[in-house]
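So you can see what is in the structure, the chains are spelled out below.
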Amino acid sequence: MNTQDFSLRHIGTLSADAAEMLSVIGKDSIDDLINETMPAEIRFKDKLNLPVAMSEYEILQHLQELADYNTKARSFIGYGYYRTILPSPIQRNILENPGWYTAYTPYQAEIAQGRLEALLNFQTVISDLTGLPIANASLLDESTACAEAMHMMFESRPRNQNDANKFFMSEDILPQSLAVCQTKASGLGIEIVTGNPAEFDFDETFYGALFQYPGKSGKVVDYTSLIAELKEKGMQVAIAADLMALVLLKSPGEMGADIAIGTSQRFGIPMGYGGPHAAYMSCTEDYKRQIPGRIIGVSQDRNGKFALRMALQTREQHIKRERATSNICTAQVLLAVMAGMYAVYHGKGGLTHIAQNIHQKAVRLHDALNELGYKIVHSNFFDTIQIEAEGITKEKFEENNILLNFFEEGKISIAMDEVVSEEELDKLIQIFAEIKGKSIEKKEFKEGRIPAELVRTSDFLSHEVFNLYHTETELMRYIKRLEKKDLALNHSMIALGSCTMKLNAATEMLPLSWSGFGAVHPFVPKKYAAGYQELIKNLEDHLSVITGFAATSVQQNSGAQGEYAGLMVIRSYQKDQGEGHRNVVIIPESAHGTNPASAAMAGMKVVIVKNLPNGETDIEDLKLKIEKHRENLSALMITYPSTYGAFDSNIMEVTKLVHDAGGQIYMDGANMNAQVGLTAPGMIGADVCHLNLHKTFAIPHGGGGPGVGPICVAKHLAPYLGSHPLIETGGEKSDTVFSAAPYGSSLILTISYSYIRMLGEKGLTNSTKHAILNANYMKSRLEKHYDVLYTNANDVVAHEFILDFRPFKKLGIEVSDIAKRLMDYGFHAPTVSFPVAGTLMIEPTESESKAELDRFVDALIQIKAEIDEVANGDFTQDNNVLKNAPHPLDIVTADEWEFPYSRQKAAYPLDWVRERKFFTPVARVDDAFGDRNLVCTCPPIESYMD
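In this text, all values refer to a predicted model and were calculated from it rather than measured experimentally.

Undergrad: Explain the pattern of salt bridges to me, using residue names and the numbers behind them.
TA: Taken as a whole and judged by the stated rule, the model has 53 salt bridges. Here Glu-117 ties to Lys-485 by a salt bridge, and the two come within 3.6 Å at their closest N and O atoms. With Glu-117 in helix H7 (residues 113-130) and Lys-485 in the loop between helix H16 (472-483) and helix H17 (506-509), this residue pair connects regions lying 368 residues apart in the sequence. Given a relative accessible area of 7%, Glu-117 falls into the buried group. Judged by its relative accessible area of 28%, Lys-485 falls in the partly exposed class.

Undergrad: Please set out the packing of aromatic side chains residue by residue, giving values where relevant.
TA: Given two aromatic rings, one states the distance between the centres and the angle between the planes to describe the pair. All chains considered together, the criterion is met by 36 aromatic pairs. Pairing Phe-697 with Tyr-755 gives two aromatic rings, centres 6.1 Å apart and planes at 90°, and the pair type is edge-to-face. Within this pair, whereas Phe-697 is found in the loop between strand E19 (688-691) and strand E20 (711-713), its partner Tyr-755 is found in helix H25 (residues 749-782), the two being separated by 58 residues in sequence. Judged by its relative accessible area of 0%, Phe-697 is buried. Ring pairs connect the aromatic residues Phe-168, Phe-200, Phe-202, Phe-206, Phe-211 and Tyr-223, which therefore count as one cluster. Of note, Arg-266 hangs over the ring of Tyr-82, and the distance from its end group to the ring centre comes to 3.6 Å. Lying over the aromatic face of Phe-460, Lys-348 brings its terminal NZ or CZ to 5.5 Å of the ring centre.

Undergrad: A description of the sheet that holds strand E18 (residues 664-669) should follow, citing residues and the corresponding values.
TA: Here we have 7 strands laid out as an open sheet, ordered E14-E20-E19-E18-E17-E15-E16, and mixed in their pairing. One side of each edge strand has no neighbouring strand; the edge strands of this open sheet are strand E14 (551-553) and strand E16 (605-609). The average angle at which neighbouring strand axes cross in this sheet is 25°, direction not considered. Pairing analysis gives 3 bridges linking E19 to E20, with the strands arranged antiparallel. Directly across from Cys-689, in E20, lies its bridge partner Cys-712. Sheet strands in contact with helix H21 (residues 594-601) are strand E15 (584-588), E16, strand E17 (633-639) and E18, and its direction is about 175° off that of E15.

Undergrad: So what's going on with the sheet that holds strand E3 (residues 166-170)? Residues and values would help.
TA: Sheet strands line up and pair through hydrogen bonds in the backbone, either parallel or antiparallel. Across the sheet, 7 strands lie side by side as E2-E8-E7-E6-E5-E3-E4; this open sheet has mixed pairing. On the outer flanks of this sheet lie strand E2 (134-135) and strand E4 (191-195), each paired with one strand and no other. Of the pairings in the sheet, the one linking E3 to E4 comprises 5 bridges and is parallel in character. Bridged to Met-169 within E4 is Thr-194. Seen against the sheet, H7 touches E2, strand E7 (259-263) and strand E8 (279-283) and runs at an angle of roughly 60° to E8.

What counts as what
Residues numbered from 1 in each chain as written. Predicted model: local features only at pLDDT ≥ 70, side-chain atom pairs only at ≥ 80, totals over all residues. Heavy atoms only, no water. Salt bridge = Lys/Arg side-chain N within 4 Å of Asp/Glu carboxyl O. Helix = DSSP H or I, 4+ residues; strand = E, 2+ residues; numbered from the N terminus. Buried < 20%, exposed > 50% of the residue type's maximum accessible area, 1.4 Å probe, protein only. Phe/Tyr/Trp six-rings, centres within 6.5 Å; stacked < 30°, edge-to-face > 60°. Lys NZ or Arg CZ within 6 Å of the ring centre and 35° of its normal. Pairing = 2+ DSSP bridges. Axes fitted to C-alpha atoms, helices over the stretch in contact; angles between N-to-C directions. Contact = heavy atoms within 4.5 Å.

Quick look at the structure:
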């Protein structure tokens, strides 16, 4: 065994296992299987041009060198990003714990009660601090949250305001937020107007307004009276608020705002050169069915026990498709969990101490600069001082590895944070004194600079959960209790079709905790982020090679955002070619729900094309749709292999038809795990694709996020890749910005970079082959018991396949019953009812062993036997082991047992389950109860104990 070969650690089916699996499938070799899986015309003739694979030891040495290239400068830049202190027990027990970072989105509530509670805590923090009753369980970043608020208010206009299409943004808004909103507005027909809100004349053409609080200058303003005036005119108002500032400041809700948005980065999350960070949104009750993202709500299980679930609009973009008001799919759950736990650990008292300390240092800086004779722009602030830049240059500060904010023409901003030490503050003041040629004595804090009308008087974090766990011992035990309520990859395989839950190697994850990567501000001059620049350049090059394209941008923070960005790049290109009228996107009916939603966000008209009974695109229907919309055809969005789990044999004909009509091909990269090393979107005829780094390239799902959605493009589209208002990036012809940070969630790019560099060309290609092998092995065993919905002409599938459970409806058995019963076997259900209602879409990935694949298959075979018991009349349709699943420990061990089958059958249906048993903490959750009685903040502690 070559211990330096990472692929042996990553790929779960070793050679002996592979031979046995191939025998079951009926193939002589993996290559024979691949030849029958993929059309020959799309296969690579050559190997990927990638560097030689590194060992795990070598990649860590390489990454340490890159981290060291990042200059350890002290950042006072601010602008939405601050140095923070991540408490060690949160770092060790959540960030570095696979029980938290390998979990999937909590769509199956019964096995996600721990992270649902942690997210409910996060929502409570947001609701308390913003003074608004409804909060979601995170968005991607502050800037895209601003754009979501702008869009949500646009869609919420009263009918008599349908002609109002102007949106006001304060001139004190963060520049990255303005840029992202301008990109979003261009697709939605919204006109953004900026100015000084105190002096602006609002008329009936405006539907909404957004203010920054504190503003980018650091100034704090009471908007209460202005908001009241705007509401009298029928306008909606949002405030982008600094969460740490709200500890001391009057809340947006108390000012009368309808919506509050921002980032929770200040709550212990490293800057990471831009992310990932959990954005937040809170709002009034009026928006509870429109708010994007996910809401965690309180409900109960079938026995009346307290339980949590995702409420109301869960995955609404998959249901409403092109009628959706958001394409948000991935959130930033892991970061929201960490930020929420930061508040749990510190409580109101701790947060107040931190916020006051930040403010006091800012006051001392303000008073020192004033004494030295600097022209201070304003004196009402929380943490940021802005002065006139006359006679001041960067060089004096950079000599001392101190970075200030010089982005505002003629002004300099200096932002304090919780990391600033007395020595740092003294050094900063001393440099300012030297510039003036003066000396200054150290002054103590005297009084705050927050105006009396803006001092917070309302209470927050009064719930017990924020007052019980302030010692490390208690916090550690609380985190462990929550973790034990969840099922993640550290317990068993999660075979989710289209979601690719693979090994997230410890070596790939270690650099996330290094300060050389975590402490870098996203707006530092590039020379201060040389390590990141090299890493990002290398990763973009590798992804371009893998996809067969000319250029890549990693700016997008999710796959859905990648879809949107890819379409906007196509639109920018077509407008530049004088074809801005092209606005029709053709999408197969099998497409991901985010595809039509993303097209709608880009201002495009969606036309659906049929799929044939075998799952392939209906060529004749495609021809009809192309001909009908030829003049306005912008693009085709297609997933390959399709969501039905097979490589369409007619894909080259499909792409040629669209190109011949003047359209572009957008390929959804959700299923790239079946392509890497064998074929590529560029080879198939695509012009742009997005990749889900949290799927194919091993970034953990983190309980529902973070994600990264790079877009890779052909040469003609490269000039239109996303740019940024503060850091030069993207294409030379670009006027689009998709994320707050120039390179998105840069910190977690280290994971995918390590994954590619450790596997190399051979390891990546073998990973794809084994993903296909594993899927076909499971399919071959299961097709004897269930109907496999789609295969290709050779009766094989790609890396995933669909089992049809609709025939069991006549027995009263729904696919959800199978999903819940799998929990009793210790498994998370595969993807339920997507892309076909009443089915399970199974994707085993390459990292699972044959033994684990067999356990999962055996569980489904045993479930089929349980279904047969209902068919044979052994149990009634409404009282059987499937309908009553899952069976939590308190039910199995209760004094009374009222079910018509044994406790052992309920809890230990197969012998191996006993040693691997996972008991769900609750019985089946009552979804309807939670929607009828929406509660999305922490209820009394007694509820958890019931």
